[in-house]
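# Coordinates in review
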Amino acid sequence: MSGTTAPRSADRPARVAVVGTGYVGLTTGACLASLGHRVVCADADAGKVERLRRAEVDILEPGLPELVRDGLGSGRLEFVRDTPAAVREADVVFLCLPTPMGAGGAADLAAVEAVAREIRTELPDGCVVVNKSTVPVGTSERVGALLGRPEVPVVSNPEFLREGHAVHDFLHPDRVVVGGADPEAARRVADLYAPLAAPHVVTDAASAELTKYAANFFLAMKLSFANNLATLCERFGADVADVTAGIGRDPRIGEAFLKPGPGWGGSCLPKDTHALLSVCEAAGIDFPLLRATIETNVEHQRRLVERVVAQCAGPDGTLTGVRLALLGLAFKAGTSDLRDSPALALARQLRERGAELFAYDPALSETRPDLSDLVTLTGDPLEAADGAAACLVLTEWPQFRDLDWPAIAARLDGRVVHDFRNLLDQDRLERAGLVRQSIGSAFTMAG
Ligand code: UGA
């Protein structure tokens, strides 16, 4: 949170209930408390509630443990297990519940619907219910129908928080989007953010709900574009970093989100693009750009796998018995989150080809039984490199740049480092006797 200024406090503090303390719910609760609101966060997980009461935060989110501790200390932030009790006195109730990818790619709304049923009779008249979870267009209306309380308006207020930057993004938003059938209710929710001095887009529920999907689709599209552009650059001997700098300085395009990598992943972009595709299909709408965005990601990863296979395969054309060192498994740096991680997607394909995978990720402990069929987690990069035919950089942890590359070179069997995050210093690797293969610049296959 360095370099950020503290927002001023709310002139009119509200009583807020937040249901669900995942990274969105906990960030929302702790940040709203820091703005002066009185917040009760409810979660069904008793152990988690106990830990949060001791200010123990089990996700890696800079600034969040401090805000939780401050909120508890000021008495403005509370954690409870009992959801009905949390909402009984609230002016505003935020639903921050998981909406995982369900059958056919559609968002699974079971948690949102179960909580709506649980709180319907407990909500005080005149309170506003807010869908903060990413939910398909029409969900505000659906939650309203489940509540069956015409005097309790439901609005959509999507979040635009990046994991690993959630507190910063909450307290310094580009915009606050709130939509609902009742403009007064939408305005009340927008007013909670008044101290943040961000532009407000107050609209109808469908527009707010679609804004979230449109934002994540557009970001994914930009990344698929960047990864395809990288392939073009390799083919034509251009450098993708220069090309993206050249186009990105046009403000209509923008420099952000143009860095090629091992494909895009995480808990949101894949889930939300598939959910949007699923609602489009259900509505009979063909959206070729959306399909291509998803397919390009799959194809890009397949291409990277083929690159490793071409370099490392044995005489039988497979990776059977070939040892590979993976640096990074998290879906991006700054998080331990493995959900839909591109690193795991590549690892699965390499494993299917027979490779033996040894991985190091600074955010992961060595014991992860859920990964044991896929990779052997090691406690340090040298161990991962031991006897490996190649090293693959899959997460852009900045500390990988400063690893002891000569020592890694001494432990590796092969010479090639596939820098799938375009992170490492070319000269430093060359001095260590290694061959760096990046993405999106003249590509030469080295043995
Ligand atoms: C994403 C959005 O960026 C947030 O605005 C949104 O609120 C959030 O989803 C959500 O819906 O909750 P997040 O999932 O934290 O945030 O991840 P990003 O930082 O967007 O990264 C997504 C993927 O793109 C990662 O695999 C990352 O490594 C990759 N990426 C990102 C690149 O390959 N290149 C880039 O230039 C940027």
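Since this is a predicted model, take the numbers as computed values, not measurements.

## Some points on the layout of surface pockets
For the second largest pocket, the calculated volume is near 880 Å³. Lining the second largest pocket are 40 residues, with Gly22, Tyr23, Val24, Pro98 and Arg339 sitting closest to its centre. Counting residues per element, the lining of the second largest pocket draws most heavily on helix H1 (residues 23-34), which supplies three residues. Looking at the lining of the second largest pocket residue by residue, the classes come out as 14 nonpolar, twelve polar and 14 charged. Shared between two domains, the lining of the second largest pocket takes at least three residues from each, and those domains are domain 1 (3-203) and domain 2 (233-447).

## A few points about the environment of Leu371
Here Leu371 lies in the loop between strand S10 (356-360) and strand S11 (376-377). By relative accessible area, which is 6% here, Leu371 ends up buried. In sequence terms Leu371 and Glu151 are 220 residues apart; their C-alpha atoms lie 49 Å from each other. Beyond its immediate stretch of four places on either side in the chain, Leu371 contacts Leu329, Leu338, Leu344 and Leu377.

## Quick notes on the site of the ligand
If you check the shell around the ligand, you find 22 residues, and the closest are Glu159, Glu163, Lys212, Asn216 and Arg421. Here an oxygen atom of the ligand sits 2.6 Å away from a polar atom, N or O, in the main chain of Glu163. Between the ligand and Lys332, the relevant distance is 2.9 Å, taken from an oxygen atom to a side-chain nitrogen or oxygen of the residue. For the ligand, whose accessible area on its own is 710 Å², the fraction buried by protein is 92%. Of all the secondary-structure elements, those providing two or more residues to the shell around the ligand are helix H9 (205-236) and helix H11 (269-282). The element that contributes the greatest number of residues to the shell around the ligand is H9, accounting for four residues.

## Quick look at helix H6 (residues 139-147)
Owing to its 3.6 residues per turn, the α-helix aligns residues three or four sequence positions apart on the same side. Among the residues of H6, those classed as buried are Thr139, Ser140, Val143, Leu146 and Leu147. Down the axis of H6, the sector holding all buried residues measures 125 degrees, keeping them to one side. Away from its buried face, by an angle of more than 90 degrees, H6 presents the exposed residues Glu141 and Ala145. In this structure, the buried side of H6 is in contact with strand S4 (92-95), helix H5 (110-119), strand S5 (128-131), strand S6 (154-156) and H9. Looking one or two residues beyond H6, the residue adopting positive phi is Gly148, at roughly 60 degrees.

## Concerning the pattern of salt bridges
This model, assessed by the stated rule, comprises 29 salt bridges. Close ionic contact of Arg12 with Asp191 constitutes a salt bridge, the shortest N to O distance being 3.9 Å. Of this pair, Arg12 sits in the segment before strand S1 (15-19) while Asp191 sits in helix H8 (residues 183-192); the two residues are 179 residues apart in sequence, bridging distant segments of the chain. Overall, Arg12 belongs to the exposed group, its relative accessible area being 67%. Looking at Asp191, the relative accessible area reads 32%, which means it is partly exposed. Measuring nitrogen to oxygen at the nearest pair gives 2.8 Å for the salt bridge that ties Arg252 to Asp250. For Asp250, a relative accessible area of 22% gives the class partly exposed. Counted as one network, the salt bridges with shared partners bring together Glu299, Arg302, Glu306 and Arg353.

## So, the sheet that holds S11
Strand order in the open sheet formed by six strands is S11-S10-S9-S12-S13-S14, with parallel pairing between adjacent strands. The two strands at the open ends of the sheet, each matched to only one other strand, are S11 and strand S14 (435-437). Examined bridge by bridge, S10 and S11 share two bridges and lie parallel to one another. Across the sheet, residue Phe358 finds its bridge partner in S11, namely Thr376.

## Comments concerning the packing of H9 against H11
The contact between H9 and H11 brings their axes to 9 Å, and the two run at 115 degrees. If you check the angle between H9 and H11, you find them roughly perpendicular. Considering the relative orientation of H9 and H11, their crossing is left-handed. Here Leu210, Lys212, Tyr213, Asn216, Phe217, Ala220 and Leu223 of H9 come into contact with H11, specifically with Leu269, Asp272, Thr273, Ala275 and Leu276. Here the residues of the contact of H9 with H11 are counted per class, giving eight nonpolar, two polar and two charged.

## Quick notes on the domain arrangement of the protein chain
How big an interface is tends to be reported as the loss of accessible area on association of its parts. In terms of domains, the protein chain is made up of domain 1 (3-203) and domain 2 (233-447). Summarising the inter-unit geometry, the C-alpha centres of domain 1 and domain 2 are found 34 Å apart. Each partner contributes to the interface: domain 1 provides 14 residues, whereas domain 2 provides 18 residues. The junction of domain 1 with domain 2 conceals about 1,000 Å² of combined surface from both sides, 56% of it contributed by carbon and sulfur atoms. When the buried area of domain 1 at its contact with domain 2 is split by residue, Leu60, Met101 and Glu163 rank highest and sum to 51% of it. Put simply, domain 1 and domain 2 have one salt bridge between them.

## Topic: the packing of aromatic side chains
Under the defined criterion, the tally for this structure stands at three aromatic pairs. Seen from their ring centres, Phe170 and Tyr193 are 5.6 Å apart, and the 35 degrees between their planes marks the pair as tilted. Of this pair, Phe170 sits in helix H7 (residues 166-171) while Tyr193 is found in the loop between H8 and strand S8 (200-203), placing the two residues 23 residues apart along the sequence. Tyr193 carries the same exposure label as Phe170, and that label is buried. The interplanar angle of 80 degrees and the centroid separation of 5.2 Å between the aromatic rings of Phe217 and Phe287 together place this pair among those described as edge-to-face. Of this pair, Phe217 sits in helix H9 while Phe287 sits in the loop between H11 and helix H12 (288-312); the two residues are 70 residues apart in sequence, bridging distant segments of the chain. A cation over a ring is seen here: Arg175 above Phe160, with NZ or CZ 3.6 Å from the ring centre. A cation sits over an aromatic face here: Arg323 above Phe358, 3.4 Å from the ring centre.

Calculation criteria
- Residues numbered from 1 in each chain as written.
- Predicted model: local features only at pLDDT ≥ 70, side-chain atom pairs only at ≥ 80, totals over all residues.
- Heavy atoms only, no water.
- 1 Å grid on protein atoms, 1.4 Å probe; cavity = no way out; pocket = protein on both sides within 12 Å on 5 of 7 lines; lining within 4 Å.
- Points joined across faces, edges and corners; volume = space filled by probe spheres on them.
- Helix = DSSP H or I, 4+ residues; strand = E, 2+ residues; numbered from the N terminus.
- Nonpolar A, V, L, I, M, F, W, Y, C, P; charged D, E, K, R; others polar.
- Domains from an automatic or database assignment.
- Buried < 20%, exposed > 50% of the residue type's maximum accessible area, 1.4 Å probe, protein only.
- Contact = heavy atoms within 4.5 Å.
- Near = heavy atom within 4 Å.
- Polar contact = N/O pair within 3.5 Å; in protein donor to acceptor, adjacent residues only side chain to side chain.
- Areas by Shrake-Rupley, 256 points an atom, 1.4 Å probe, with all protein chains shown as cover.
- Arc of directions from axis to C-beta.
- Salt bridge = Lys/Arg side-chain N within 4 Å of Asp/Glu carboxyl O.
- Pairing = 2+ DSSP bridges.
- Axes fitted to C-alpha atoms, helices over the stretch in contact; angles between N-to-C directions.
- Parallel < 35°, antiparallel > 145°, perpendicular 65-115°, else oblique.
- Left-handed = near helix turned anticlockwise from the far one by under 90°.
- Buried area = accessible area lost by both parts, 1.4 Å probe.
- Phe/Tyr/Trp six-rings, centres within 6.5 Å; stacked < 30°, edge-to-face > 60°.
- Lys NZ or Arg CZ within 6 Å of the ring centre and 35° of its normal.

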